[in-house]
There are 2 protein chains.
Amino acid sequence: MTAYEHLTERFARHAALSEAAGMLHWDSSTLMPRGGSDARTEQLTALNLTCHELITASEVGDHLAQADAEQKSGSRPLSDWETANLREMRRLWLHATALPEDLVAAQSRANSHCEMLWREARPAADYAMVLPALKEVLSLSRQEASVKAEALGCSPYDALLDLYEPGGSAAEIDVIFDDIAAFLPDFLEQVLTHQGKQPTPQVPSGPFPIEKQEALGRQLMGAVGFDFDFGRLDVSLHPFCGGVPDDVRITTRYDVDDFAKSLMGVLHETGHALYERGLPQEWRRQPVGTARGMAMHESQSLLIEMQACRSAAFVAFLAPLAKEAFGGQGPTWEADNLIRLYNQVKPDFIRVDADEVTYPAHIILRYRLEKALIAGEMELEDLPAAWNEQMRGLLGLVPPHDGVGCLQDIHWYDGAWGYFPTYSLGAMTAAQLFHAAVAEVPEIPDAIGRGDFSPLMAWLREKVHGLGSLLSTPETIKQATGQTLDPEIFKNHLRQRYLP
Amino acid sequence: MTAYEHLTERFARHAALSEAAGMLHWDSSTLMPRGGSDARTEQLTALNLTCHELITASEVGDHLAQADAEQKSGSRPLSDWETANLREMRRLWLHATALPEDLVAAQSRANSHCEMLWREARPAADYAMVLPALKEVLSLSRQEASVKAEALGCSPYDALLDLYEPGGSAAEIDVIFDDIAAFLPDFLEQVLTHQGKQPTPQVPSGPFPIEKQEALGRQLMGAVGFDFDFGRLDVSLHPFCGGVPDDVRITTRYDVDDFAKSLMGVLHETGHALYERGLPQEWRRQPVGTARGMAMHESQSLLIEMQACRSAAFVAFLAPLAKEAFGGQGPTWEADNLIRLYNQVKPDFIRVDADEVTYPAHIILRYRLEKALIAGEMELEDLPAAWNEQMRGLLGLVPPHDGVGCLQDIHWYDGAWGYFPTYSLGAMTAAQLFHAAVAEVPEIPDAIGRGDFSPLMAWLREKVHGLGSLLSTPETIKQATGQTLDPEIFKNHLRQRYLP
């Protein structure tokens, strides 16, 4: 075997064990009885440790160097896909080997301790309760950022970001987010003024039986392109997309008083699922065959949910189906009302409930704060005040307490710094991809209005899904849309939808 | 760390990864969409390979030798439990290291190829179709038996048996099975004569809605002692007990025309489940903490199903519950009728449908044939004729075709030689344990008649479940019942139940 073949064999085993862990995580979140949690922790720990050892074994560094030498000498020339695969292997290896074992262990303990405290501190709105634990998490994350920055040759913040958005950089994000931050306050005011002149959207009143919500959700998943021979829909407390490309498992949570919450959530997760399903079949369980990063992943869910399924054309298709499913009557169930309802803009404190217009403000705030925290330009004692000040500046609101302020999200308390920007990068990427798809295949909007997602999906399969991690994120976007990420396209989308 | 500690760490990882594989196997059998099977195969292969490497790594042999030396020199004295743990580690190590890698690979291919052909050959009743593949399976199994015999210091057949019944031997089984084989034909005739004088049992007629069957099954599982905080009941094509001790997952299959099939199956699997649940908590994920073998496991399911739940006292408790659950009316639903129905004896061709009296005949037949096949005293060309001849001798029946004869069970076609005797050893062990439990705790039968299994379960926890693999099977039985396995007790049970 050549060095490259040795590596593909090792990474295939690594991927299969990671998939096993992913499936067990899905099981824990959907149907495991509570008594199983200790054993599950042991199973996942053993899997994670084994995966870590597979990548950090001393042969891996040797094989990576040899594979390069084989490629250069011509003794084992690599195709474009293989070259990209080798590049992704090296990235995973750098991340895994950069961290000393004792730092990994300390982070694992500190993060899970802090997360546990956070689960009490958030409902109690008691930041002080979790502050010491969070300081330990941040201190260790700064160490992680510092050693990884050296290994990857980038800034400490970018080193953390790289785990979620490979090759991403704060320098590029700053430009984009500053643009949006400058645009938002004024635009938001215009939208609110415009909305104020429209009839107030009426909310359909329930109860909406769960089995009917589920049936409608499954029907629409099928319309978007979800094949139940290759995946499942289940229930979990926090909706997510798990599983593996050929057995992709999305979850939802039903609210008997509001069917749209689950329905839009299901469509969102279906976007994630179809990305996984469309990843290149011949590169299953190789690094180059995986999704390009969290921003691209979020772009696929938001493309389906925000660009396609909250469009006037799709809501007009949905309205009679929902009306029939739930036996609705009257003007509340007319498309006009539901379009206004599903695109209502309302500044509020909570990110996960935010609409498309105010969502970027929540992200920009978090991004700016975490960047300063990782760089050591700010300390955690100052977080609540800084949070509230940013909220005032971006959305004109000040949280009444930290429970709906800096305590609301799990990410930092679990050591996940550098994740937040991918949400809004994903939203902008979604707008740009959808815009390019429609320009190239003009029948897409009409087809979506008939519940037919196949023209859109064919375009995405070719331009995004089927590429896996062959190209970088900017290269993927540029090849699909003719240009790298341009916030102007996202802003145009917002203008067209919210100031028609 | 001492050598013993190194070993416990390694075997704990091995167990956690095996548990992960077990959970994924449960998932495959219950709810995986069909598209997921290729990825699942990769996941299980990676897990099995990793587990195999953990046990066969060269350090393991060294650590085993060192741990012995530490124990002997007094530098690391071992408790009884630790000594037994070390013994079980050595057994697993011997099994894993005995086989050369190329034999393992050849068996994996041959067994799955043969099993695939068997799935066609059985419904076609075409033994010739699968014969060449089965010859390859047998040839490799003979090689396995031969190398393991050398490693374990026993006969080739005993070496295969040891995987399912640790320490078991054909010499001991021969004595027991010959005794039963001599007893059966005459006893069976008496039972059939006796039954002929009783009223013919009437079969309740359905349909019995699945949700009502499930509700009743869950209610009875709870009565027996199943705690749904530590396990689940689901549906699969072939019922089984999977999962892990603190998250034990049993399955059933519903027949809308016959609720007793699922109900008795659920009670059977509950017996397996409660054994797993009762294994010693402090030895989770160590070899000594696992179930003692397949015969003991089967004894626990048969103790619940056959000894307890088909007893007149329990059926009298069940009858009004079933009558109410399904809205039954008339004498069919009276306890007397159901007792006769659930203890009906009827010689037939199919093992899995056999009653308690004829079941041992099916097993003795298979045991004798597989022993001759492994020893090379018989060849596969002669299997159908030998099968039919044994059936005539033991049950007075000749199968009309091989589909209900030597093709009916998957075991041999999948390379599982040496498994069959554990079913009947389990049945006899169940009778002996139940007899001893009642002798020691006389209120057990009355309590079972009230649906209260707690006195029985307390006895089993102390005498069997909580011992894990501390003692050998004969030692466990002797300590619990005062004597090693004695077929006379099983025969007495049959006499009392079927010739009252």
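Use the structure listed above.
The structure displayed is predicted, hence computed values, not measured ones.

**Considerations on the nonpolar core**
Core analysis: the largest hydrophobic core is formed by 120 residues, its most contacted members being Tyr127, Tyr413 and Leu456 of chain B. For this core, the element with the highest residue contribution is helix α8 (residues 170–196) of chain B, accounting for 11 residues. Beyond its immediate sequence surroundings of up to four residues, Tyr413 of chain B is in contact with Asn111, Cys114, Glu115, Trp118, Tyr127, Val130, Leu134, Val137, Cys406 and Leu407 of chain B. Counting 119 residues, the second largest nonpolar core, distinct from the first, contains Ala121, Ala322, Val404 and Cys406 of chain A.

**Thoughts on the packing of aromatic side chains**
Tallied over the entire structure, the rule returns 42 aromatic pairs over all chains. Between Trp118 of chain A and Tyr413 of chain A the ring centres are 6.1 Å apart and the planes differ by 20°, which places this aromatic pair in the stacked class. Separated by 295 residues along the polypeptide, Trp118 of chain A in helix α5 (residues 101–124) and Tyr413 of chain A in the loop between α15 (383–395) and α16 (421–440) bring together distant segments of the chain. The same class applies to Trp118 of chain A as to Tyr413 of chain A, namely buried. Ring geometry for Trp412 of chain B and Trp417 of chain B: centres 5.5 Å apart, planes at 10°, overall stacked. Its relative accessible area of 2% is what places Trp417 of chain B among the buried residues. An aromatic cluster is present here, built from Tyr164, Tyr359, Trp387, Trp412, Trp417, Tyr419, Phe420 and Tyr423 of chain A joined pairwise through their rings. Above the plane of the ring of Phe420 of chain A lies Arg366 of chain A, whose end atom (NZ or CZ) is 5.5 Å from the centre. Here the basic side chain of Arg277 of chain B rests over the ring of Phe230 of chain B, its NZ or CZ set 4.2 Å away from the ring centre.

**A look at the sheet that holds strand β2 (residues 241–244) of chain A**
All names here are of chain A. Spatial strand order, β1-β3-β2: 3 strands in an open sheet with mixed pairing. The open sheet has two edge strands with one neighbour each: β1 (231–235) and β2. On average, adjacent strands in this sheet sit at an angle of 20° to one another, irrespective of strand direction. Here β1 runs beside strand β3 (residues 247–252); their pairing, made up of 5 bridges, is parallel. When the bridges of β3 are listed, Asp234 appears paired with Thr251. Against the sheet, helix α10 (residues 259–278) makes contact with β1, β2 and β3, and its axis sits at roughly 165° relative to β3, the strand it touches most.

**Some details on the sheet that holds strand β1 (residues 231–235) of chain B**
Residue and element names in this part refer to chain B. The 3 strands lie next to each other as β1-β3-β2, forming an open sheet whose pairing is mixed. In this open sheet, the two strands that pair with only one neighbour each are β1 and β2 (241–244). On average, each strand axis in the sheet is inclined to that of its neighbour by 20°, with strand direction left out of account.

**What about the side chain of Asp355 of chain A?**
All names here are of chain A. Relative to the assigned elements, Asp355 resides in the loop between α13 (335–342) and α14 (359–375). One buried charge, Asp355, has no salt-bridge partner; the nearest side chain with opposite charge is Lys346, at 9.1 Å. Contacts of Asp355, omitting those with residues within four sequence positions, involve Gln344, Val345 and Lys346.

**Regarding helix α11 (residues 294–309) of chain A**
Residues and elements named next belong to chain A. The terminal C-alpha atoms of α11 lie 21 Å apart, and with 16 residues this matches the ideal 22 Å at 1.5 Å per residue to within 8%. The principal kink in α11, of about 40°, is found at Leu302. The buried count for α11 comes to 15 of 16 residues, which makes it a mostly enclosed element.

Conventions adopted
Per chain, residues are indexed from 1 in the order of the written sequence. Think of it this way: whatever chain is written first is A, whatever ligand is written first is 1, and the rest follow in order. Per-residue local features are limited, in this predicted model, to residues with pLDDT of at least 70; the limit for side-chain atom pairs, both in listing and counting, is 80 or more; totals at the level of whole chains, interfaces and linings are taken over all residues. Note: side-chain values were computed over all heavy atoms of the structure, leaving out hydrogens and water. Here, nonpolar core refers to any group of buried Ala, Val, Leu, Ile, Met, Phe, Trp, Tyr and Cys residues whose side-chain atoms link them within 4.5 Å. Only protein chains enter the calculation, and the probe is 1.4 Å; a residue is then buried if its accessible area is under 20% of its type maximum, exposed if over 50%, and partly exposed in between. Put simply, DSSP marks the helices as runs of H or I at least four residues long and the strands as runs of E at least two long, and each gets a number from the N terminus on. We call two residues contacting when some pair of their heavy atoms lies within 4.5 Å. Between rings of Phe, Tyr and Trp, where Trp is taken as its six-membered ring, a pair exists when centres lie within 6.5 Å; planes separated by under 30 degrees are stacked, by over 60 edge-to-face, and by other angles tilted. Throughout this description, the term charge over a ring refers to an Arg CZ or Lys NZ atom that lies within 6 Å of the ring centre and within 35 degrees of the ring normal. In this description, strands pair whenever DSSP reports at least two bridges between them. Inter-axis angles, ranging from 0 to 180 degrees, are taken between N-to-C directions of lines fitted to C-alpha atoms, where helices are fitted over the stretch in contact. All tallies of charge rest on Lys and Arg as positive and Asp and Glu as negative; His and the ends of each chain are not included. Here a salt bridge means any side-chain nitrogen of Lys or Arg lying within 4 Å of a carboxyl oxygen belonging to Asp or Glu. By this rule the span expected of a helix is its residue count minus one, scaled by 1.5 Å. Note on bend: at a given residue it equals the angle between the axes fitted to the 7 residues ending there and to the 7 starting there.

That is the geometry; function is a separate question.
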